[in-house]
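Residue-level listing of the chains:
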Amino acid sequence: MFDAMPQIGQAGPSASALLLFDRAMRIHAVKEDIVRAAQHLNGLNDQQLSELGINRSDLEEMIERYI
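Quick caveat, the model's predicted, so the values are computed rather than measured.

Q: Any chance you could explain the overall build of the protein chain here in plain terms?
A: Within the protein chain, the regular secondary structure consists of 3 helices and 0 strands. When its helices and strands are written in sequence order, the protein chain yields α-α-α. Expressed as a percentage of the 67 residues in the protein chain, the buried residues total 9%. Total accessible area on the protein chain is roughly 5800 Å²; 58% of this is exposed by carbon and sulfur atoms.

Q: Explanation requested: the environment of Glu60 in the structure shown.
A: Relative to the helices and strands, Glu60 is located in helix H3 (residues 56-66). Exposure remark for Glu60: the relative accessible area of 42% places this residue in the partly exposed category. Remark: the alpha-carbon pair of Glu60 and Val35, spanning 25 residues in sequence, is separated by 9.7 Å.

Q: What is the right way to look at the pattern of salt bridges in this model?
A: Two side chains bearing opposite charge may form a pair once their charged atoms approach each other closely. Counted by the stated rule, this structure contains 4 salt bridges. Linking Arg36 and Asp33 is a salt bridge whose minimum nitrogen-to-oxygen distance equals 3.0 Å. In this pair, Arg36 and Asp33 are both assigned in helix H1 (residues 13-42), 3 residues apart and thus about one turn of the helix distant. Taking relative accessible area as the criterion, Asp33 reaches 45% and is therefore assigned partly exposed. In this structure, Glu61 engages Arg65 in a salt bridge whose closest nitrogen and oxygen atoms are separated by 3.0 Å.

Q: So what exactly am I meant to see when it comes to the packing of H1 against H3 here?
A: Two measures define how a pair of helices packs: the angle their axes make with one another and the distance between the axes. Relative to each other, H1 and H3 sit at 150 degrees, their axes nearing to 9 Å. Note that H1 runs across H3; the crossing there is left-handed. Across from Lys31, Ile34, Val35, Ala38, Gln39, Leu41 and Asn42 in H1, the residues of H3 making contact are Arg56, Leu59, Glu60, Met62, Ile63 and Tyr66. Of the residues belonging to the contact of H1 with H3, the class tally is 8 nonpolar, 2 polar and 3 charged.

Criteria and cut-off values
- Residues numbered from 1 in each chain as written.
- Predicted model: local features only at pLDDT ≥ 70, side-chain atom pairs only at ≥ 80, totals over all residues.
- Heavy atoms only, no water.
- Helix = DSSP H or I, 4+ residues; strand = E, 2+ residues; numbered from the N terminus.
- Buried < 20%, exposed > 50% of the residue type's maximum accessible area, 1.4 Å probe, protein only.
- Areas by Shrake-Rupley, 256 points an atom, 1.4 Å probe, with all protein chains shown as cover.
- Salt bridge = Lys/Arg side-chain N within 4 Å of Asp/Glu carboxyl O.
- Axes fitted to C-alpha atoms, helices over the stretch in contact; angles between N-to-C directions.
- Left-handed = near helix turned anticlockwise from the far one by under 90°.
- Contact = heavy atoms within 4.5 Å.
- Nonpolar A, V, L, I, M, F, W, Y, C, P; charged D, E, K, R; others polar.

Here is the structure:
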């Protein structure tokens, strides 16, 4: 009977699945924030981006990667 109980300090299968799902949802939310920020920055002109130390090609690559 005690064999079926998870050991202290270890998450059971359902708890592990819940933690993985929660982490995936957080990562998904972060990706949306990254794309939104990159799209906003992409609206700046080249001079403004240069002043921020950002290359337009890096922004475009970031948007493509996360969409």
